[in-house]
Amino acid sequence: MLRSDRVWTLLRAASRAARELRDDAPRAFALAEDGRLVETGGTDAQLAWRPDTGWTPCADGVEDPRLALYLPLCGARPGRRLTIGHLGQSLDGFVATAAGESRSVNGEENIVHLHRLRALCDAVVVGAATVAADDPRLTTRLVDGPNPLRVVLDPRRRLAPGHRLFSDGKAPTLVICDAARAAADNRVGQAELAGVPLRGGLLDPAAVLELLHRRGCHAVFVEGGGFTVSAFLAAGLLDRLHVTVAPLVIGAGRPGLRLAPAARLGDALRAPHRIFRLGNDVLFDFDLGGGAACGEAPGIARVL
Ligand SMILES: NC(=O)c1ccc[n+]([C@@H]2O[C@H](COP(=O)([O-])OP(=O)(O)OC[C@H]3O[C@@H](n4cnc5c(N)ncnc54)[C@H](OP(=O)(O)O)[C@@H]3O)[C@@H](O)[C@H]2O)c1
């Protein structure tokens, strides 16, 4: 029986182990006392690994809804990449007020959720407007886990080097701009600068992902804001999308998802999804990658 306080340790171990598996054989693992996964052929197995579908829980006592929610994010490795987007929004679809205030749209539980996503991914991506409005740190502070590479999409290089993530030295940071504005020896504060080509006036999201994959980032978390997540969604590059809906109405503000309008409801984007509770908020977990949903959520399960 897996203790509740070991679930996060198991998830982190699964995320690390997926990157280290060297062959394509199915395997079964149990969590050792030291927090590593050890291979087992016995009835003590807690997780099964299949190269095509990733991780699944495989024993009694591992039905915790956190496994259902986070295990699909723990199987990234070379050749099995994962891109996840998240937005937290009001009932009426806004991620921030018109002035850019967004910290308390969702409850504290969703902040912990964001830190879990950062810890499980190799890179976290935000748009320039989020850095301008929030001056975020984008580090993993509320849960045990590593800091991801911090990536800012700033095509016009409008952000000043004084922002915290360019100067705090807490984690490596990469600014991606229009290739025509990049120069090899340029930096933004302590952050590295790289260019990718524009396509249709936008930084090509596929080129952004290719750049990150070349740097060994197999799991990429697109954290916001609405413009940035929408660009990856519109390009068909998100494998999963988390939208956390909070029970408040802002009335107007910075919008969440924005796609080209569907002429008919039959053309609207619909995808297999599961629903979880985060405090008073409701999290929709959309599976956009056509992969197997990893474990059904039992009803509307509370993960935090
Ligand atoms: N609730 C949440 O989940 C959440 C999460 C994050 C942020 N936020 C809030 O959201 C607000 C910002 O969201 P937003 O939608 O206005 O902006 P955003 O997505 O943070 O940033 C958009 C800007 O980033 C640059 N950018 C991003 N992707 C690009 C691409 N593929 N190609 C070219 N440029 C790209 C562009 O900069 P240029 O304008 O220079 O061209 C674009 O205008 C803030 O108030 C923040 O507090 C909320």
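Residues numbered from 1 in each chain as written. Predicted model: local features only at pLDDT ≥ 70, side-chain atom pairs only at ≥ 80, totals over all residues. Heavy atoms only, no water.

J.: Explain the nonpolar core here, please?
T.: One finds Leu11, Leu37, Trp55, Leu71 and Phe166 to be the most contacted residues of the largest nonpolar core, which totals 53 residues. A per-element tally of this core places helix 1 (residues 7-20) first, with 8 residues. Composition of this core by domain shows at least three residues from each of domain 1 (4-63) and domain 2 (82-259 + 267-302). The next biggest cluster of nonpolar side chains, apart from the first, holds 28 residues, and it includes Leu87, Val95, Val220 and Val222. (Core = buried A, V, L, I, M, F, W, Y, C linked by side-chain atoms within 4.5 Å. Buried < 20%, exposed > 50% of the residue type's maximum accessible area, 1.4 Å probe, protein only. Helix = DSSP H or I, 4+ residues; strand = E, 2+ residues; numbered from the N terminus. Domains from an automatic or database assignment.)

J.: For this particular structure, what's the right way to read the packing of aromatic side chains?
T.: A ring pair, where both rings are aromatic, is described by two values, the distance of the centres and the angle of the planes. Summed over the entire model, instances satisfying the criterion amount to 4 aromatic pairs. Between phenylalanine 29 and tryptophan 55, the ring centres sit 5.6 Å apart and the planes meet at 70 degrees, which makes this aromatic pair edge-to-face. Taken together, the residues phenylalanine 29 in strand 1 (residues 27-31) and tryptophan 55 in strand 4 (residues 54-57) connect sequence positions 26 residues apart. Feature note: the residues Phe29, Trp49 and Trp55 constitute an aromatic cluster, connected by ring pairs. (Phe/Tyr/Trp six-rings, centres within 6.5 Å; stacked < 30°, edge-to-face > 60°.)

J.: Just checking my understanding: could you explain the side chain of arginine 66 for this structure?
T.: As for its placement among the helices and strands, arginine 66 is situated in helix 2 (residues 65-70). Engagement of the side chain of arginine 66 in a polar contact is seen with the side chain of serine 4, the distance being 3.1 Å. Ignoring anything within four residues of it in the chain, the contact list for arginine 66 reads Ser4, Val7, Leu11, Leu71, Arg116 and Val303. (Polar contact = N/O pair within 3.5 Å; in protein donor to acceptor, adjacent residues only side chain to side chain. Contact = heavy atoms within 4.5 Å.)

J.: Explain the site of the ligand to me, please; I cannot follow it from the model alone.
T.: Taken together, 26 residues are adjacent to the ligand, and Gly88, Thr130, Asp134, Arg158 and Thr228 come closest. In this structure, an oxygen atom belonging to the ligand sits 2.7 Å away from a side-chain N or O atom of threonine 228. For the ligand, the protein covers 89% of the area, taking 920 Å² as the surface of the free molecule. Sorting the residues of the shell around the ligand by element identifies strand 5 (82-90), strand 6 (94-96), helix 4 (128-134), strand 13 (202-203), strand 14 (219-224) and helix 7 (226-234) as the ones contributing at least two each. For the shell around the ligand, the element with the most residues is helix 4, which contributes 5 residues. (Near = heavy atom within 4 Å. Areas by Shrake-Rupley, 256 points an atom, 1.4 Å probe, with all protein chains shown as cover.)

J.: So what exactly am I meant to see when it comes to the domain arrangement of the protein here?
T.: Often, the extent of an interface is quoted as the loss of accessible area upon association of its parts. Per the domain assignment, the segments making up the protein are domain 1 (4-63) and domain 2 (82-259 + 267-302). Each of domain 1 and domain 2 has a C-alpha centre, and these two points are 27 Å apart. At the junction of the two partners, domain 1 supplies 9 residues and domain 2 supplies 12 residues. Counting the surface lost from both domain 1 and domain 2, the interface buries some 770 Å², and carbon and sulfur atoms represent 62% of this. At the junction of domain 1 with domain 2, the criterion picks out 2 salt bridges. Listing elements by their share of the side of domain 1 that touches domain 2, those giving two or more residues are helix 1 and strand 4. (Buried area = accessible area lost by both parts, 1.4 Å probe. Salt bridge = Lys/Arg side-chain N within 4 Å of Asp/Glu carboxyl O.)

J.: Which parts of the structure should I look at to understand the sheet that holds strand 10 (residues 187-188)?
T.: Strand pairing in a sheet relies on backbone hydrogen bonds. The paired strands run either parallel or antiparallel. In spatial order, the strands read 10-11-9-8-7-14-5-15-18-17-19; together these 11 strands make up an open sheet with mixed pairing. With one partner strand each, in any of the chains shown, strand 10 and strand 19 (301-302) form the two edges of the open sheet. (Pairing = 2+ DSSP bridges.)

J.: For this particular structure, what's the right way to read a positive patch on the surface?
T.: On the surface, Arg156, Arg158, Arg181 and Arg254 cluster together into a positively charged patch. For arginine 181, a relative accessible area of 43% puts it in the partly exposed group. (Patch = residues over 30% accessible without salt bridge, like charges linked within 9 Å, V, L, I, M, F, W, Y side chains within 5 Å. Lys, Arg positive; Asp, Glu negative; His and termini not counted. Charge placed at Lys NZ, Arg CZ, Asp CG, Glu CD.)

J.: What exactly am I supposed to notice about the sheet that holds strand 2 (residues 37-39) here?
T.: Read across the sheet, 4 strands follow the order 2-1-3-4 without closing on themselves; strand pairing throughout is antiparallel. Both outer strands of the open sheet, strand 2 and strand 4, are each paired with one neighbouring strand and no more. Adjacent strand axes in the sheet meet at a mean angle of 35 degrees when their direction is disregarded. Where strand 1 meets strand 3 (residues 47-50), 3 bridges bridge the pair, whose relative direction is antiparallel. Within strand 3, the position partnered with arginine 27 by the bridge is tryptophan 49. Against the sheet, helix 1 engages strand 1, strand 2, strand 3 and strand 4, with an angle of about 60 degrees to strand 2. (Axes fitted to C-alpha atoms, helices over the stretch in contact; angles between N-to-C directions.)

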